[in-house]
Amino acid sequence: MFEEFKKFISRGNVVELAVGIIIGAAFTGIVNSLVKDILMPPIGWIMGGIDFSNYFISLSGGHYDSLQAAEKAGAATVNYGRFINSCINFLIVSGALFMIVRQVNRLHVLHKEAPKTPPRQELLLEEIRDALRAQAKNQANSQTVPRPPSADPTP
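Parameters and conventions
Residues numbered from 1 in each chain as written. Predicted model: local features only at pLDDT ≥ 70, side-chain atom pairs only at ≥ 80, totals over all residues. Heavy atoms only, no water. Helix = DSSP H or I, 4+ residues; strand = E, 2+ residues; numbered from the N terminus. Buried < 20%, exposed > 50% of the residue type's maximum accessible area, 1.4 Å probe, protein only. Contact = heavy atoms within 4.5 Å. Areas by Shrake-Rupley, 256 points an atom, 1.4 Å probe, with all protein chains shown as cover. Core = buried A, V, L, I, M, F, W, Y, C linked by side-chain atoms within 4.5 Å. Salt bridge = Lys/Arg side-chain N within 4 Å of Asp/Glu carboxyl O. Patch = residues over 30% accessible without salt bridge, like charges linked within 9 Å, V, L, I, M, F, W, Y side chains within 5 Å. Polar contact = N/O pair within 3.5 Å; in protein donor to acceptor, adjacent residues only side chain to side chain. Phe/Tyr/Trp six-rings, centres within 6.5 Å; stacked < 30°, edge-to-face > 60°.

## Let's talk about the overall build of the protein chain
Inference 1: Each helix and strand in the protein chain was counted, giving five helices and two strands.
Inference 2: In sequence order, the protein chain lays out its α and β elements as α-α-β-α-β-α-α.
Inference 3: The burial tally for the protein chain puts 10% of its 155 residues in the buried class.
Inference 4: Restricting the contact set of the protein chain to residue pairs at least 6 apart, pairs at least 24 apart contribute 39%.
Inference 5: Summed over all atoms, the accessible surface of the protein chain reaches about 13,300 Å², with 65% contributed by carbon and sulfur.

## Describing the nonpolar core
Inference 1: Core analysis: the biggest nonpolar cluster contains five residues, these being V31, V35, M40, F52 and I88.
Inference 2: Among the elements that make up this core, the one with the highest residue count is helix α2 (residues 12-46) (three residues).
Inference 3: Discounting residues that sit within four places of it in the chain, M40 has contacts with V35, F52, N85 and I88.

## Side note on the pattern of salt bridges
Inference 1: Taken as a whole and assessed by the stated rule, the structure comprises two salt bridges.
Inference 2: Of the charged contacts, one joins R82 and E71 as a salt bridge, the two residues approaching to 3.1 Å between their closest N and O atoms. Of this pair, R82 sits in helix α4 (residues 80-110) while E71 is found in helix α3 (residues 67-73), placing the two residues eleven residues apart along the sequence.
Inference 3: R82 sits in the partly exposed class, given a relative accessible area of 39%.
Inference 4: For E71, a relative accessible area of 39% gives the class partly exposed.

## As for a nonpolar patch on the surface
Inference 1: A surface patch of nonpolar side chains, about 650 Å² in accessible area, is lined by I38, L39, I43, W45, I46 and M47.
Inference 2: Inspection of the secondary structure assignment puts I38 in helix α2.

## Considering the side chain of T77
Inference 1: Inspection of the secondary structure assignment puts T77 in strand β2 (residues 77-78).
Inference 2: One polar contact links T77 to N79, side chain to side chain, over a distance of 2.8 Å.
Inference 3: The contact partners of T77, leaving out residues within four places of it in the chain, are F56, I57, S58, L59, L67 and A70.

## Re the side chain of N85
Inference 1: In this fold, N85 is placed in helix α4.
Inference 2: Apart from residues lying up to four places away in sequence, N85 is in contact with V35, M40, F52 and S53.

## Digging into the packing of aromatic side chains
Inference 1: Applying the stated criterion across every chain, the model contains one aromatic pair.
Inference 2: Measuring from centroid to centroid gives 5.7 Å for Y55 and Y80, while their planes differ by 50°, and the two rings are tilted. Linking Y55 in the loop between α2 and β1 (57-58) with Y80 in helix α4, this pair joins segments that are 25 residues apart in sequence.
Inference 3: On the accessibility criterion, Y55 (26% relative accessible area) is partly exposed.

In structure tokens, the structure reads:
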């Protein structure tokens, strides 16, 4: 069983998947910072100083000035502003991944190998085939072509 696990874990796909997950986690941190620190402040400013992360509904019935105040008081809250931020994060991540995959696909198309020349055997076989076709065509034409009348009038 250990050998089977060792064989499974050493396959390329598992290692590539692990690398992808690690890079994805790092990329998530970058995107979260992009959304929180760069995109949300201008969006909030355009919308009149609104900060989505402070949008919440207090289930305990009290009024709190901010989400931090409600959390410090231990109030149960529905944090729909954080959900909006998460949706924006998702849209940005999916858009960025789309652009990356699109560029990678373009590179793959550009770097496709030129068609290889067929092996010498195939080239010789093609030449033989073409010669046989030409010979058969010449024989067919010579049989159907009417012969000119002979100049000798004797039958």
